Each structure stands twice: as C-alpha cells, then as structure tokens.
Amino acid sequence: QVLHSVPHPPDLNIDSIIDPISYLKKDLIKRNDLIPYTGVLGGTMGFYDENRIHVLNYKWVYAYFEDGHIGGEILLEYNILEDGKINWKVIDAFR
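So, here's what we can say about the structure. (Residues numbered from 1 in each chain as written. Predicted model: local features only at pLDDT ≥ 70, side-chain atom pairs only at ≥ 80, totals over all residues. Heavy atoms only, no water.)

### Quick look at the pairing of strand 3 (residues 71–80)
- Judged by which residues are buried, strand 3 turns out to be one-sided: G72, I74, L76, Y78 and I80 face inward and are buried, whereas G71, E73, L75, E77 and N79, on the alternate face, are not.
- A loop of 4 residues connects strand 2 (residues 60–66) with strand 3, the two strands running antiparallel in sequence, and G68 in this loop sits at a positive phi of about 95 degrees.
- Sheet topology note: the strand 3/strand 4 (residues 86–94) ladder contains 8 bridges and is antiparallel. Bridge assignment links I74 to a residue of strand 4, and that residue is A93.
- Between the end of strand 3 and the start of strand 4, which pair antiparallel, lie 5 residues, with G84 showing a positive phi angle near 95 degrees. (Buried < 20%, exposed > 50% of the residue type's maximum accessible area, 1.4 Å probe, protein only. Helix = DSSP H or I, 4+ residues; strand = E, 2+ residues; numbered from the N terminus. Pairing = 2+ DSSP bridges.)

The following block contains the structure:
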C-alpha cells in the first residue's frame, strides 16, 4: 500500500488501521463540508466516487467532487490522530 511504502511521521499509527487507504476514502466521503463550492440546480457537492479519491502519500489526498451538474478537484492534507480521527485541511480546490 502507498502509505506503507513511503516514510511517514512517527505519530501516524498506520499499523493499527487494517486498510488505511480505504479508511481515508470512507472518511472523506462523509466530509462534504470540506468542498469550498456550493452545488447548482439543487445539487449537493460531494465525494461520490471512491475510485476518484487518490491517496498520494502519507500527507496528501487528491479527489474529485461533484453535485451531478458540475464538478471539481481538491487537494487535501490529512493527519490521522491517535484516536483514529482524521484531521483534513484544504490546500487548494478548483472547478
């Protein structure tokens, strides 16, 4: 897996998570609040396609979002805390 193949900070307890890539993707799918754009024509922006969420390394995720009418892409920084929660930070987004 990508997360095990690159150096990561010592506080990232990656070994306690069975499938870290899937863990990150499932969390991000729930986080529509990170998308800095409003949906159009009654749509709701979201991360609807797990296959379009790319974990780049121990620090970055690149993902596609859409509302069914328009879409965009977002670069996020993440940090998995000791309790398993994930802190997300938007680095940049465009549509």
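### Some remarks on the packing of aromatic side chains
- Applying the stated criterion across every chain yields a total of 3 aromatic pairs.
- Measuring from centroid to centroid gives 6.4 Å for F47 and F65, while their planes differ by 85 degrees, and the two rings are edge-to-face. With a gap of 18 residues between them, F47 in the loop between helix 2 (20–29) and strand 1 (53–55) and F65 in strand 2 connect regions that are remote in the sequence.
- Relative accessible area serves as the criterion here: at 1%, F47 is assigned to the buried category.
- One aromatic cluster in this structure is built from Y37, F47 and F65.
- The cationic tip of R52 hangs over the ring face of Y64; the distance from NZ or CZ to the ring centre is 3.7 Å. (Phe/Tyr/Trp six-rings, centres within 6.5 Å; stacked < 30°, edge-to-face > 60°. Lys NZ or Arg CZ within 6 Å of the ring centre and 35° of its normal.)

### Looking at the pattern of salt bridges
- Per the stated rule, a full pass over the model turns up 1 salt bridge.
- Notably, a salt bridge pairs R31 with D33, separated by 2.7 Å at the nearest N-O pair.
- Taking relative accessible area as the criterion, R31 reaches 25% and is therefore assigned partly exposed. (Salt bridge = Lys/Arg side-chain N within 4 Å of Asp/Glu carboxyl O.)

### Observations concerning the sheet that holds strand 4
- Taking strand neighbours across the sheet as the criterion, the 4 strands line up as 1-2-3-4 in an open arrangement whose pairing is antiparallel. Both outer strands of the open sheet, strand 1 and strand 4, are each paired with one neighbouring strand and no more. Sheet twist, expressed as the average angle between the axes of neighbouring strands with direction ignored, equals 20 degrees.
- As paired elements, strand 2 and strand 3 share 7 bridges and run antiparallel to each other. Residue pairing in the sheet places W60 in a bridge with E77 of strand 3.
- Sitting on the sheet, helix 2 touches strand 1, strand 2, strand 3 and strand 4, and the angle it makes with strand 4 is about 70 degrees. (Axes fitted to C-alpha atoms, helices over the stretch in contact; angles between N-to-C directions. Contact = heavy atoms within 4.5 Å.)

### Structural notes on unusual backbone geometry
- Unlike most non-glycine residues, L41 shows phi in positive territory, near 50 degrees.
- Inspection of the secondary structure puts L41 in the loop between helix 2 and strand 1.

Nothing here speaks to function; it is all geometry.
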